Amino acid sequence: MANNTKIGWIGLGMMGEPMAQNVLQAGFPLQVFNRSREKTQAIESAGATVAESASDLARWSETLVTMISDDVALEAVALGEDGVFAHMPAGALFIDMSTVSPAMSVRVAAAAAEKDIAYLRAPVSGSIGLATAGTLTIFASGPKQKYNESLALFGAMGGSLFHVGEAEEARFLKLAINMMVGITAGMMAEALTLGEKGGLDWDQMIEIISSSAVASPLINYKVDTLKNRDFTPAFPAWMMAKDFNLALDTAREESIPLPITALVRQHWSAMEATGRGEMDFFAYVTLMEQLSGLDSGSDK
Ligand code: NAP
């Protein structure tokens, strides 16, 4: 894909905004639309054009990218009566980078095929920091040729790019990775609480875990979050609850038992019920502290 491909972008939330900024910085002609207009200010100042409506954007775009919340948002934006599929020209490319269910994605694929719109599913792994740095991991499924033609676009946002299949493979992979990410938060929460009860120094314990055999890039990203007990959300607990729902619903439809995922899902409900839904998902440790009778069961 040449850098003069006209890129339309819908969804300037926590992830969409820095991703779109990187597309703009890479030199693509970029028009954006966001349901709440105020979120377009920063990217407009950086040089992007703000479309009057999603339908105007759909008519203009050669490639239209969405980075929006969930199945409900994707259904409304793509398939709604005045959704983008009603306005995109035949032959255009639609790329959805949101985290949604394979079931919704199948519906989008069917509607895209009917309109002769090419469709790539391209969810991402990594949070706001990597989105800002342009080093997300992006895994796409859908027509390989369209993926190859989109490498410059994906390269503007990601450091590791993969094509994983022709259909919903990328949706399944995203759910698999997020299950592991969420379960890691649960594993850390229990381990840290045990350590605290055992009298370990908080900072030293985190330091040692992050250089132990169980360390991972994710645990290392979260060292400062945990040490400072600053649970400003890079990825809020309620959003992780959404992803666990997607994984569990998908697994139920396919008769796949996911017992660990099901157990950890209960704790996302407890996070929401105890006022932690908007906190970063690594605030899970504060819930475990509370259940263990530690008075540090909150952010300090
Ligand atoms: P966010 O900050 O909540 O932004 C959501 C975006 O979706 C906003 O632009 C919002 O518009 C738009 N939206 C929601 N419902 C809509 C609807 N019905 N019609 C039109 N637009 C709608 O979320 P985010 O963190 O950027 O996440 C976006 C996606 O990436 C999600 O699927 C999430 O699971 C996934 N993801 C997030 C992270 C992360 O660390 N945050 C990491 C990887 C993947 P308004 O501004 O009008 O509300």
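For clarity, every value in this text was computed on a predicted model and none was experimentally measured.

Colleague: Explanation requested: the site of the ligand in the structure shown.
Modeller: Around the ligand, a shell composed of 25 residues is seen, among which N34, S36, K39, S69 and S127 lie nearest. The separation between an oxygen atom of the ligand and a polar side-chain atom of K39 is 2.6 Å. Measuring from an oxygen atom of the ligand, one finds a side-chain N or O atom of S127 at 2.5 Å. For the ligand, whose accessible area on its own is 890 Å², the fraction buried by protein is 88%. Elements represented by at least two residues in the shell around the ligand include exactly α4 (71-79) and α13 (237-253). Of the residues assigned to the shell around the ligand, the class counts are 11 nonpolar, 10 polar and 4 charged. Mapping the shell around the ligand onto the domain boundaries places at least three of its residues in each of domain 1 (7-166) and domain 2 (173-291).

Colleague: What's the story with the packing of helix α9 (residues 169-197) against α13 in this structure? I'm lost.
Modeller: Two numbers describe a pair of packed helices, the interaxial angle and the distance between the axes. Taken N-terminus to C-terminus, the directions of α9 and α13 make an angle of 125 degrees; their axes are 9 Å apart at the nearest point. Taken together, α9 and α13 sit at an angle that is classed as oblique. Both α9 and α13 take part in a crossing whose hand is left-handed. Of α13, the residues touching α9 (which contributes F172, L175, N178, M179, V181, G182 and I183) are M240, D243, F244, L246, A247 and T250. Across the contact of α9 with α13, the residue classes break down as 9 nonpolar, 3 polar and 1 charged.

Definitions and limits used
- Residues numbered from 1 in each chain as written.
- Predicted model: local features only at pLDDT ≥ 70, side-chain atom pairs only at ≥ 80, totals over all residues.
- Heavy atoms only, no water.
- Near = heavy atom within 4 Å.
- Polar contact = N/O pair within 3.5 Å; in protein donor to acceptor, adjacent residues only side chain to side chain.
- Areas by Shrake-Rupley, 256 points an atom, 1.4 Å probe, with all protein chains shown as cover.
- Helix = DSSP H or I, 4+ residues; strand = E, 2+ residues; numbered from the N terminus.
- Nonpolar A, V, L, I, M, F, W, Y, C, P; charged D, E, K, R; others polar.
- Domains from an automatic or database assignment.
- Axes fitted to C-alpha atoms, helices over the stretch in contact; angles between N-to-C directions.
- Parallel < 35°, antiparallel > 145°, perpendicular 65-115°, else oblique.
- Left-handed = near helix turned anticlockwise from the far one by under 90°.
- Contact = heavy atoms within 4.5 Å.

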